[in-house]
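Listed below are the residues making up each chain.
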Amino acid sequence: MLIPNLADVKHILNGHYVANIILCLLFPLTKGIRGACQLIYPNGTECGFDSREHEILIFLAVVIIWKNRKATNWLHYLANVFLFTKVASTFLFLRADPLVGTVYVLLSIVVTVLFPEPAYKGPEKVVYFQGDALIKELESPRKTYWVIQFYTTWSPECRHVTPVFAELSEKFTLPNLKFGKLDVGKFPKEAERFRINTHPSSRQLPTMSVFGPDGVEQRRRPLISKNGRAIPFVFSAENCIFDFDLNNLYQLCRKNLKNKPSEETQLKEEKKEQ
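Residues numbered from 1 in each chain as written. Predicted model: local features only at pLDDT ≥ 70, side-chain atom pairs only at ≥ 80, totals over all residues. Heavy atoms only, no water.

**Student:** Describe the overall build of the protein, naming the residues involved and giving the relevant values.
**Tutor:** Scanning the protein from N- to C-terminus turns up 11 helices and 5 strands. Compactness check: the protein gives a C-alpha radius of gyration of 25 Å against a globular reference of 19 Å for 274 residues, more than 25% above the reference. Along the first, second and third principal axes, the C-alpha atoms of the protein reach 100 × 45 × 30 Å. The buried share among the 274 residues of the protein stands at 41%. Sequence-distant contacts, at least 24 apart, represent 65% of the contacts inside the protein between residues at least 6 apart. (Helix = DSSP H or I, 4+ residues; strand = E, 2+ residues; numbered from the N terminus. Rg over C-alpha atoms; globule rule 2.2 N^0.38 Å. Buried < 20%, exposed > 50% of the residue type's maximum accessible area, 1.4 Å probe, protein only. Contact = heavy atoms within 4.5 Å.)

This is how it looks when you write it as structure tokens:
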């Protein structure tokens, strides 16, 4: 969901979000408040927004709304707001005064270096696979369904899906329904094995797949069209639950657990066979 609850608000109480919120508000504050405007801008600069600046701000709002149609959660939404607002603010500052605009650009760079977007550190029930460990697990005789996220550490889209995948793992994990991740940027051979395009312009990052107990892939998102292009998919929690049929898969796995013979019963049967 794009609306955070009170427990999630703590995620923005750090340098990255506070600094970027300030950067996004700098232009309207410095140009809209007369005292700040007269102090920062050269003499003769008209305080308040002119018609051109109004047009740019309206265009910025439209771009943010359009781009955030594919936001996976509210943190992803904020990241898009920060990006496009800072781009628009750079243009507006340079238009008002080149020196002030240059200072704003340098300040944005400093904030990006000193306060990078924090990695997700919330609860999760995810197994992290290294090298060929995933394919070995899928080929093992254990009767387990696996929901796998193929990702890279440098992809912003993968970072934004991390809290969604963690939430799903917390909600649906069972002894025979597990969640795992594989860094296909670190292990390119595994990217080839699972047909994941890791090029920086690829739209296959992240890719999420469900593998059955036989190790065969049952579902994948994003899908690949006949011409080899990835069909865009929004990895929100609601979309993932619906497209991967996680509710029914969870019920199926629970039913299988109830029908599974206990270890004691299995030992007795093995002794009889001997």
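**Student:** Quick rundown of unusual backbone geometry? Include the residues and the values.
**Tutor:** Residue proline 206 follows leucine 205 across a cis peptide bond; omega there is -5 degrees. Here arginine 195, not a glycine, exhibits a phi torsion of approximately 60 degrees, which is positive. Topologically, arginine 195 is positioned in the loop between helix H8 (188-193) and strand S4 (207-211). Phi at aspartate 245 takes a positive value of approximately 50 degrees, unusual for a residue other than glycine. Classification of aspartate 245 as partly exposed rests on a relative accessible area of 26%.

**Student:** So, the packing of helix H3 (residues 51-67) against helix H4 (residues 74-96): which residues are in play, and what are the values?
**Tutor:** Remark: H3 packs on H4, axes separated minimally by 10 Å, with the N-to-C direction vectors making an angle of 160 degrees. In terms of orientation, H3 and H4 fall into the roughly antiparallel class. Helix-helix and strand crossings are classified by hand; for H3 and H4 the assignment is right-handed. Judged by residue contacts, Arg52, Glu53, Ile56, Leu57, Leu60, Val63, Ile64 and Lys67 of H3 engage Tyr77, Asn80, Val81, Phe84, Thr85, Ala88, Phe91, Leu92 and Arg95 from H4. Of the residues in the contact of H3 with H4, the class split is 11 nonpolar, 2 polar and 4 charged. (Axes fitted to C-alpha atoms, helices over the stretch in contact; angles between N-to-C directions. Parallel < 35°, antiparallel > 145°, perpendicular 65-115°, else oblique. Left-handed = near helix turned anticlockwise from the far one by under 90°. Nonpolar A, V, L, I, M, F, W, Y, C, P; charged D, E, K, R; others polar.)

**Student:** Which residues make up a nonpolar patch on the surface, and what values go with them?
**Tutor:** Side chains of Leu106, Ile109, Val110, Val113, Leu114 and Phe115 sit close together on the surface and give an oily, nonpolar patch of about 580 Å² of accessible area. Tracing the backbone through its elements, the reader meets isoleucine 109 in helix H5 (residues 98-114). (Patch = residues over 30% accessible without salt bridge, like charges linked within 9 Å, V, L, I, M, F, W, Y side chains within 5 Å. Areas by Shrake-Rupley, 256 points an atom, 1.4 Å probe, with all protein chains shown as cover. Salt bridge = Lys/Arg side-chain N within 4 Å of Asp/Glu carboxyl O.)

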